[in-house]
Structure formats: C-alpha cells, structure tokens
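If you want the building blocks of each chain, they are given just below.
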Amino acid sequence: MNTLKVKPISTMVKVLMFLIASSSIFAMAANSNKDRQLIIEVNPSTHCAINVVPSDHESNCALLYPADKNPCKNDPECVCSKKEKYISWQTSTGDEFDINFTDGSPFKRCDYSAGRDGKVRCKIKNDGDYYYEVNVEGCDSNPYDPRIVVQ
C-alpha cells in the first residue's frame, strides 16, 4: 500500500520541478528580449558620469550568449540588445546630457540630447559593437564611454 502512495507523490514532485524549471527558462528568455533602460549615474558635485548601469542592475549579456561567446565578458559597462528593441538613458540627478557614438550607431534616427529630467530613447536598427560617449552638462572632464552590443 505504501508503494501506491509513493508513486503519485514522486510524480507530483517531478511535475512540480518541471513547472519551476520551465517558468525559470521563460522568465530568463523574456528578460533577455526586453527593452533596456540605462541609468547614467552622475557625481552630484562634479556633474560627471561615473557609471552607466541597467535600471534593473542586471547584465543581460549572460542571458543572450553562452559564457564562452559573451561579447561583454567582464565589462560591467557593456549592454547587449537586439534589433527592434529600445534603449533609453536618463541621469540619476536630472542633469542634461548628450549621447555621442564615436564610430557608427545602432540607431537610424534618434535625438541624442536630453534636457533637465529628460530621457533619450532610441530604437535599435543595426547590428554591431558600438562605443559611445556620455557627456553630462557641467562636467569639465572627459566624457564617460560605455558600450552596446547588438546581434
């Protein structure tokens, strides 16, 4: 009689584990395909960008690529995305800023400037590996230079 009870419980455990694994895979896939919102962290005293991070503080490159093919590897300033997705930037302090791509752009048409409390939002149209500069109004030093990889 005990063997009859063990089989249904064992089957229920297997089904439960399958559902958990499936939902985790779907959640990771959905997260890797979403638009990216980036926060330009600004030093309030110098008005210079000190970091550019995803608003969810999560690197999506590891979700999009196998570890040995991750184009960003250990570069925390690198963000991965796909064509037809949006990338948006805004500052942590509400400062005005400009985005300047140094060698080509992943976007076709985009206004790369944001006023106070503004945001830059652009739709990706081109594949490639793009470095860009973040110039914050009032910063007297060099611009900050993160990277976007689109495949």
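Higher on the page you've got the structure.
Residues numbered from 1 in each chain as written. Predicted model: local features only at pLDDT ≥ 70, side-chain atom pairs only at ≥ 80, totals over all residues. Heavy atoms only, no water.

1. Considering the sheet that holds strand E3 (residues 78-81)
Within a sheet, neighbouring strands are paired by backbone hydrogen bonds and run either parallel or antiparallel to one another. Using the following cut-off: A strand pair is defined by DSSP finding two or more bridges across the two strands. Think of it this way: any DSSP run of H or I at least four residues long counts as a helix, any run of E at least two long counts as a strand, and we number them from the N terminus.
With mixed pairing, five strands are arranged side by side in an open sheet as E3-E9-E8-E5-E6. The open sheet has two edge strands, E3 and strand E6 (113-114), and neither has a second partner.

2. Topic: the pattern of salt bridges
Here is the rule we go by: Within this document, salt bridges are pairs made up of a side-chain nitrogen of Lys or Arg and a carboxyl oxygen of Asp or Glu, the two lying within 4 Å of each other. Only protein chains enter the area calculation, which uses a 1.4 Å probe; residues under 20% of their type maximum are buried, those over 50% are exposed, and those in between are partly exposed.
Under the definition given, this model contains seven salt bridges. Between Asp 75 and Arg 147 there is a salt bridge whose closest N-O contact spans 3.6 Å. Of this pair, Asp 75 sits in the loop between helix H2 (61-64) and E3 while Arg 147 sits in strand E9 (residues 147-150); the two residues are 72 residues apart in sequence, bridging distant segments of the chain. We classify Asp 75 as partly exposed; its relative accessible area is 25%. The network of salt bridges with common partners includes Asp 75, Asp 129 and Arg 147.

3. Digging into the environment of Gln 37
With respect to the secondary-structure elements, Gln 37 resides in strand E1 (residues 36-42). Note on Gln 37: relative accessible area 45%, which makes it partly exposed. Between the alpha carbons of Gln 37 and Ser 55 there is a distance of 5.5 Å; along the sequence they are 18 residues apart.

4. With respect to the nonpolar core
What tends to happen in soluble globular proteins is that the nonpolar side chains get buried as a cluster. As a reminder of what qualifies: Nine residue types can take part in a nonpolar core, namely buried Ala, Val, Leu, Ile, Met, Phe, Trp, Tyr and Cys, and a core is a set of them joined through side-chain atoms within 4.5 Å. We call two residues contacting when some pair of their heavy atoms lies within 4.5 Å.
Counting 23 residues, the largest nonpolar core has Ile 40, Trp 89, Tyr 132 and Val 134 as its most contacted members. Breaking this core down by element, the ones donating at least two residues are E1, strand E2 (49-54), strand E4 (86-91), strand E5 (97-101), strand E7 (120-123), strand E8 (128-136) and E9. Among the elements that take part in this core, E8 stands out by supplying four residues, more than any other. Those residues within four positions of Ile 40 in sequence are excluded, and the remaining contacts are Ala 49, Asn 51, Val 52, Trp 89, Gln 90, Thr 91, Ser 92, Phe 97, Ile 99, Val 134 and Val 136.

5. Let's talk about the sheet that holds E1
This is how the line gets drawn: Between N-to-C directions, angles span 0 to 180 degrees; the directions come from axes that are lines fitted to C-alpha atoms, helices contributing only their stretch in contact.
Taken in spatial order, the four strands of this open sheet run E2-E1-E4-E7, and their pairing is mixed. Looking at strand neighbours, the two that pair on one side only are E2 and E7, the edges of this open sheet. Across this sheet, the average inter-strand angle for adjacent strands is 20°, counted without regard to direction. Here five bridges tie E1 to E4, and the two strands are oriented parallel to one another. What sits directly across from Ile 39, in E4, is Gln 90.

6. Concerning the pairing of E8
Strand residues, when the strand is regular, have side chains that alternate between the two faces of the sheet. Sheet analysis places E5 next to E8, joined by five bridges and oriented antiparallel. Bridge pairing links Ile 99 to Val 134 in E8.

7. Looking at a negative patch on the surface
Selection rule: Patch membership requires over 30% relative accessible area and the absence of a salt bridge. Like charges are linked within 9 Å, and nonpolar side chains (Val, Leu, Ile, Met, Phe, Trp, Tyr) within 5 Å. For accessible areas, the Shrake-Rupley method is used with a probe of radius 1.4 Å. Any residue's cover is judged against the shown protein chains and nothing else. Positive residues here are Lys and Arg, negative ones are Asp and Glu, while His and the chain termini are left out of the count. Charged groups are reduced to one reference atom each: NZ for lysine, CZ for arginine, CG for aspartic acid, CD for glutamic acid.
Judged by side-chain charge, Glu 96, Asp 98, Asp 111 and Glu 137 come together as a negatively charged surface patch. Relative to the elements of secondary structure, Asp 111 occurs in the loop between E5 and E6.

8. Thoughts on the pairing of E7
Only one face of E7 is buried: it carries Val 120 and Cys 122, and the other face, with Arg 121 and Lys 123, is open. Bridge analysis of E4 against E7 gives four bridges, and the strand direction is antiparallel. Residue pairing across strands places Ser 88 opposite Arg 121, the latter belonging to E7.

9. Focus: the state of the cysteines
Here is the rule: In this description, a disulfide is simply a cysteine sulfur pair whose atoms lie within 2.5 Å.
Considering all chains together, one arrives at four disulfides under this definition. At a sulfur-sulfur separation of 1.9 Å, the disulfide partner of Cys 48 is Cys 139. Measuring the twist about the S-S bond at about 95°, one finds the Cys 48-Cys 139 disulfide to be right-handed. Taken together, the residues span a long stretch of sequence, with Cys 48 in the loop between E1 and E2 and Cys 139 in the loop between E8 and E9 at a distance of 91 residues. Of the two residues examined, Cys 48 and Cys 139, each falls in the buried class. Counting only the cysteines that form disulfides, in the order they appear in the protein chain, gives the pairing 1-8, 2-5, 3-4, 6-7.

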